[in-house]
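This is what each chain is made of:
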Amino acid sequence: MTQISESRSTKIALTLLVISAIFWLGGINIRTLIGNELLDYDQFDFRTSLPPDRENTLFQMISNASLVVVISYAIVLISAIWYIAGTKLKVKENGWLLMSAILFFMFVPVELYTNYLDVRFMILYHQGPPNHDELLKLFGERIGAFRGVPVIAMLCYYTIIPIAVFRPLRKQKVTDEEKKAG
């Protein structure tokens, strides 16, 4: 099997993609864990027993995690486009690359909308004294956005990792020497 030598630009795009994806996926998980503190799962509603100072701290943590998520997603999106456009790998010969691209780009509209909600949440939180009701409303809208589609998107994003590692559906090029030998 011959190795394809990627350009320096493509290597930079891939490096940015991997590093920013780690921050992005990590930020999503952290934000989810923090957000779960606001929810009462017995009744599928917001907790009413939280003291206001603890709730404000949770809002601040969600806002900070959302900032990491929004910035790192923008870098992931740009570097993914950059890598796909610049790579010498042919999609026809590398089914894993096509599968990864489909799983990622299929959810771009969902991510853009939820990032929009995150930005609204951050702006509302930092405008002054936190407006408890509006922040909860935005947080609830974020959770209910597209119903379960963001969860399905997360499962797809985590599926990309083993696909990129194991690289299934690769066509092997057979050289003239291998044809003669076998």
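Residues numbered from 1 in each chain as written. Predicted model: local features only at pLDDT ≥ 70, side-chain atom pairs only at ≥ 80, totals over all residues. Heavy atoms only, no water.

**Let's talk about the overall build of the protein**
Here is step 1: Along the backbone of the protein there are seven helices and two strands.
Here is step 2: Here the C-alpha radius of gyration of the protein, 21 Å, is well above what a compact globule of 182 residues would show, namely 16 Å.
Here is step 3: By its C-alpha atoms, the protein is 75 × 35 × 20 Å across when sized along the principal axes.
Here is step 4: Buried residues in the protein amount to 37% of all 182 residues.
Here is step 5: The long-range share in the protein, meaning contacts at least 24 apart out of those at least 6 apart in sequence, stands at 80%.
Here is step 6: Accessible surface, the protein as shown: approximately 11500 Å² in total, 65% of it carbon and sulfur.
Here is step 7: Of the charged side chains in the protein, 18 are positive and 16 negative; the average position of the first set lies 15 Å away from that of the second. (Helix = DSSP H or I, 4+ residues; strand = E, 2+ residues; numbered from the N terminus. Rg over C-alpha atoms; globule rule 2.2 N^0.38 Å. Buried < 20%, exposed > 50% of the residue type's maximum accessible area, 1.4 Å probe, protein only. Contact = heavy atoms within 4.5 Å. Areas by Shrake-Rupley, 256 points an atom, 1.4 Å probe, with all protein chains shown as cover. Lys, Arg positive; Asp, Glu negative; His and termini not counted. Charge placed at Lys NZ, Arg CZ, Asp CG, Glu CD.)

**With respect to unusual backbone geometry**
Here is step 1: Backbone geometry places Arg 167, a non-glycine residue, at a positive phi of 50°.
Here is step 2: Classification of Arg 167 by relative accessible area gives partly exposed; the value is 37%.
Here is step 3: Not every positive phi belongs to a glycine, and Leu 169 is a case in point at roughly 60°.
Here is step 4: By the secondary structure assignment, Leu 169 is in the loop between helix 6 (149-166) and helix 7 (176-181).
Here is step 5: Judged by relative accessible area, which is 59%, Leu 169 ranks as exposed.

**A few points about helix 1 (residues 8-36)**
Here is step 1: Between its first and last C-alpha atoms helix 1 spans 42 Å; for 29 residues at 1.5 Å apiece the expected length is 42 Å, and the two agree.
Here is step 2: Those residues of helix 1 not exposed but buried are Thr 10, Ala 13, Leu 17, Ser 20, Ala 21, Trp 24, Leu 25, Gly 27, Ile 28, Arg 31, Ile 34 and Gly 35.
Here is step 3: Packing partners of the buried residues in helix 1 comprise strand 1 (39-40), helix 2 (52-86), helix 3 (95-105), helix 4 (108-126), helix 5 (132-144) and helix 6. (Expected span 1.5 Å × (residues − 1).)

**Notes on the nonpolar core**
Here is step 1: Counting 26 residues, the largest nonpolar core has Trp 24, Tyr 73, Val 76, Phe 104, Phe 107 and Tyr 157 as the members making the most contacts within it.
Here is step 2: Not counting chain neighbours up to four residues away, the residues in contact with Trp 24 comprise Val 69, Ser 72, Tyr 73, Val 76, Phe 104, Glu 111 and Tyr 157.
Here is step 3: Of all hydrophobic cores here, the second largest spans 16 residues; its members include Leu 39, Leu 58, Leu 117 and Leu 135. (Core = buried A, V, L, I, M, F, W, Y, C linked by side-chain atoms within 4.5 Å.)

**A word on helix 4**
Here is step 1: Between the first and last C-alpha of helix 4 there are 27 Å, a value that for 19 residues agrees with the 27 Å anticipated at 1.5 Å per step.
Here is step 2: Those residues of helix 4 lying buried are Val 108, Val 110, Glu 111, Thr 114, Asn 115, Leu 117, Asp 118, Phe 121, Met 122, Leu 124 and Tyr 125.

**A word on the packing of aromatic side chains**
Here is step 1: Tallied over the entire structure, the rule returns ten aromatic pairs.
Here is step 2: Consider the rings of Trp 24 and Tyr 73, whose centres lie 5.1 Å apart with planes at 50°: the pair is tilted. Pair noted here: Trp 24 is in helix 1 and Tyr 73 is in helix 2, with a separation of 49 residues, a long-range link.
Here is step 3: When the centroid spacing of 5.0 Å and the interplanar angle of 80° are considered together, the rings of Phe 104 and Phe 105 count as edge-to-face.
Here is step 4: Here the aromatic residues Trp 24, Tyr 73, Phe 104, Phe 105, Phe 107 and Tyr 157 are joined through ring pairs into a cluster of three or more. (Phe/Tyr/Trp six-rings, centres within 6.5 Å; stacked < 30°, edge-to-face > 60°.)

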